[in-house]
Amino acid sequence: MSVVVKLEDVHKSFGLVEVLRGVSFEVSAGEVVAIIGRSGSGKSTALRCINRLEKIQSGSIEVCGRRVEAPDLDLRALRQDVGIVFQSYNLFPHLTVEENIVLAPRRVKNVKGAEAHALARTALEQVGLSDKIDAYPEQLSGGQQQRVAIARSLAMSPKVMLFDEVTSALDPELTGEVLRVMEKLAKGGMTMIMVTHEMGFARRAADRVIYMHTGKVWETGTGAMLGSPQTPELKNFLANEL
């Protein structure tokens, strides 16, 4: 399978604090990768660097054939290929669900009329919310709002989806409904990189798990490694998570 995302010796600092200290990993087309680790380990920063929400100090990141750190990067084109969903839903409260979803396709891809409506319908079907197309965000639960945020990214037909702790603000029941949508996307062949604290989900849905510690890739393997950690750091992390 072709490599879609490749990080090589990536370093990123905020002031004097080095958050990423030589991070390297690859993600192939159709692969689902879960990044786990303590708060401050660099996992969310790595995700934000992939679509250049943050700039790196050194190393290289290649996404869909584009060098992300290049000064002449077409940022608009990169973000058409890379969808990202955050912990906060960031929906526009004055727009309906449909209007939230088609806003980017209309502005970026010049999608109009019936095509835009069909786009919203298809995206909402993927997340199980077809009946909420005319609702406003305040009329939805947190889990439903997060699923709309996922649909909004899917409407751009991205080649890679990034999920940054998308369930951390939700209660267990709502977390379950969002994770089921993500599992469905994974089974459908979507290339996904997700930062998550949901160990059971990571073990079940991910092709590969990356454990980050102190700004480095500390241990990597299939979901089975969560049952037999090879380093004391991962062992301690999992014991605290459970």
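Residues numbered from 1 in each chain as written. Predicted model: local features only at pLDDT ≥ 70, side-chain atom pairs only at ≥ 80, totals over all residues. Heavy atoms only, no water.

Participant: What exactly am I supposed to notice about the overall build of the chain here?
Facilitator: Helix and strand content of the chain: eight helices and 10 strands. For the chain, the residues scored as buried account for 52% of the 242 residues in total. Sequence separation of 24 or more characterises 65% of the internal contacts of the chain that already satisfy a separation of 6 or more. Carbon and sulfur atoms form 49% of the exposed surface of the chain, whose accessible area is close to 11200 Å². Looking at the chain, you have 29 positive and 29 negative side-chain charges, and the mean spots of the two groups are 2 Å apart. (Helix = DSSP H or I, 4+ residues; strand = E, 2+ residues; numbered from the N terminus. Buried < 20%, exposed > 50% of the residue type's maximum accessible area, 1.4 Å probe, protein only. Contact = heavy atoms within 4.5 Å. Areas by Shrake-Rupley, 256 points an atom, 1.4 Å probe, with all protein chains shown as cover. Lys, Arg positive; Asp, Glu negative; His and termini not counted. Charge placed at Lys NZ, Arg CZ, Asp CG, Glu CD.)

Participant: Explain the nonpolar core here, please?
Facilitator: Side chains that are nonpolar tend, in soluble globular proteins, to be buried together. In terms of nonpolar packing, the biggest core is built from 51 residues, with I101, I150, F163, M182, M192 and M194 touching the most fellow members. Looking at this core, the element that brings in the most residues is helix 6 (residues 172-187), giving seven residues. Each residue touching M192, except ones within four places of it in the same chain, is listed here: E31, V32, V33, M161, F163, M182, L185 and A186. Within the second largest apolar cluster, 28 residues are counted, among which are A46, I50, V82 and I193. (Core = buried A, V, L, I, M, F, W, Y, C linked by side-chain atoms within 4.5 Å.)

Participant: Please clarify how the environment of L20 should be interpreted in this entry.
Facilitator: By the element assignment, L20 lies in strand 2 (residues 17-28). Taking the C-alpha atoms as reference points, L20 and T214, 194 residues apart in sequence, are found 7.9 Å from one another. Here L20 is in contact with V10, H11, K12, G42, T45, A46, C49, M212 and G215, once residues within four sequence places are set aside.

Participant: I keep staring at the sheet that holds strand 5 (residues 66-67) and nothing clicks. Help me out?
Facilitator: Hydrogen bonds along the backbone pair up the strands of a sheet, which may run parallel or antiparallel. The strand order across the open sheet built from four strands is 2-1-4-5, with neighbouring strands paired in antiparallel fashion. Each having just a single partner strand, strand 2 and strand 5 make up the two edges of the open sheet. Both strand 1 (residues 3-14) and strand 2 contribute to a ladder of nine bridges, which runs antiparallel. From the neighbouring strand, K12 faces strand 2, where its bridge partner is L20. (Pairing = 2+ DSSP bridges.)

Participant: Looking at this model, I keep getting lost on the UniProt feature "domain: ABC transporter" (unreviewed entry) in the chain. Mind explaining?
Facilitator: Taking the numbering used here, the UniProt-annotated feature "domain: ABC transporter" (unreviewed entry) corresponds to residues 5-239. Helix and strand shares over residues 5-239 are 37% and 26% respectively, and the end C-alpha atoms of the span are 31 Å apart. (UniProt positions renumbered as here; feature names shortened; annotations may be inferred.)

Participant: Can you help me understand the environment of T96 in this one?
Facilitator: With respect to the helices and strands, T96 occurs in the loop between strand 6 (82-85) and helix 3 (97-109). Measuring from C-alpha to C-alpha, the distance between T96 and E138 comes to 9.7 Å, with 42 residues separating the pair along the chain. If sequence neighbours within four positions are ignored, T96 has contacts with I133, D134, A135 and Y136.

Participant: Is there a simple way to think about unusual backbone geometry in this case?
Facilitator: If you check the backbone angles, R52 has positive phi at about 60° while not being a glycine. Relative to the helices and strands, R52 resides in the loop between helix 1 (43-50) and strand 4 (58-63). Of the residues examined, R52 reaches a relative accessible area of 19% and is grouped as buried. Its identity as a non-glycine residue notwithstanding, N90 has a phi of 55°, on the positive side. Along the chain, the position of N90 falls in the loop between strand 6 and helix 3. Under the relative-accessibility criterion, N90 is labelled partly exposed at 45%.

Participant: Teacher, can you tell me more about the packing of helix 3 against helix 4 (residues 113-126) here?
Facilitator: Two numbers describe a pair of packed helices, the interaxial angle and the distance between the axes. Contact geometry for helix 3 and helix 4: axes closest at 9 Å, N-to-C directions at 115°. Between helix 3 and helix 4 lies a crossing whose hand is right-handed. Contacts between helix 3 and helix 4 pair V97, E98, I101, V102, P105 and R106 from the former with A116, H117, L119, A120, A123 and L124 from the latter. For the contact of helix 3 with helix 4, the class distribution of residues is nine nonpolar, one polar and two charged. (Axes fitted to C-alpha atoms, helices over the stretch in contact; angles between N-to-C directions. Left-handed = near helix turned anticlockwise from the far one by under 90°. Nonpolar A, V, L, I, M, F, W, Y, C, P; charged D, E, K, R; others polar.)

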